[in-house]
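One-letter residues, chain by chain:
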Amino acid sequence: MKRTFIIMIAVLLVFAMSGCVTLSKTPAAGGAAGIIRIDADKAEIAQQKKEAAEAKAIVKVIKAQLKALEQEDVDAVLSTMHQELAANDDVVCELEALFEITEDLSYDLVDYKYFGAGIMDITQETCGKDSTRFRDNRISATWVFQQVEGEWKFSNSTVHTTTYLNAEVARR
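Residues numbered from 1 in each chain as written. Predicted model: local features only at pLDDT ≥ 70, side-chain atom pairs only at ≥ 80, totals over all residues. Heavy atoms only, no water.

A. Summary view of the pairing of strand β2 (residues 119-128). Counting buried positions along β2 yields 8 of 10 residues, so the element is predominantly enclosed. Relative to β2, strand β1 (residues 105-116) runs antiparallel, the two being bridged by 10 bridges. Residue pairing in the sheet places tyrosine 114 in a bridge with methionine 120 of β2. Taking the residues that link successive antiparallel strands as the turn, the β1-β2 hairpin has 2 residues, and the phi of alanine 117 there is positive, at about 55°. Direction of pairing for β2 relative to strand β3 (residues 137-148): antiparallel, over a ladder of 8 bridges. When the bridges of β3 are listed, glutamine 124 appears paired with isoleucine 139. (Buried < 20%, exposed > 50% of the residue type's maximum accessible area, 1.4 Å probe, protein only. Helix = DSSP H or I, 4+ residues; strand = E, 2+ residues; numbered from the N terminus. Pairing = 2+ DSSP bridges.)

So this is what it looks like as structure tokens:
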């Protein structure tokens, strides 16, 4: 009876130890659960690398768009946009009007957080370079990007908040 009890305890101990192995990142001898966990870790790491590469590519597009806005280059701005947006005459007219009525502006990407699937929260500052007529501001927005032939293109945005950085603007 004692011998049977000791064997049962030993078997339970082995099962308990193999249960712990499923939580580890190294497989136990014959422990398929450990191997599955390693595969899950590899998949998670691969997904993180993919999203980091996407975020880097999207930030590059944002910076190119902000530079084009700063240089008041309509064609360069449109090249960062999804073709449906870039082909919209209203978008082109709005850009041309923006460049016509505003002074030289500087644009800066202050912060961003990538959520995957082309969705990024951004904080952007826009400031007048030489005058106090423009209301310097910081926006918090969600920008959406889509891949077109392997390239990320801006497709939509939602502004959450606009904070004005200069308290008063000279009225002329």
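Still more to cover.
B. View of the nonpolar core. By size, the foremost hydrophobic cluster in this structure holds 30 residues, and its most contacted members are Ile62, Leu95, Met120 and Phe145. Ranked by the residues each element gives to this core, the list is headed by helix α2 (residues 32-70), at 8 residues. Setting aside residues no more than four positions away along its own chain, isoleucine 62 makes contact with Leu109, Met120, Ile122, Trp143 and Phe145. (Core = buried A, V, L, I, M, F, W, Y, C linked by side-chain atoms within 4.5 Å. Contact = heavy atoms within 4.5 Å.)

C. Up close: helix α5 (residues 89-101). Here α5 spans 18 Å end to end across 13 residues, near enough to the 18 Å set by a 1.5 Å rise per residue. Of all the positions in α5, only Val91, Val92, Leu95 and Phe99 are classed as buried. For α5, the buried positions fall inside an angular range of 100° around the axis, keeping them on one side. Among the exposed residues of α5, those pointing more than 90 degrees away from its buried face are Asp89, Asp90, Glu94, Glu100 and Ile101. (Expected span 1.5 Å × (residues − 1). Arc of directions from axis to C-beta.)

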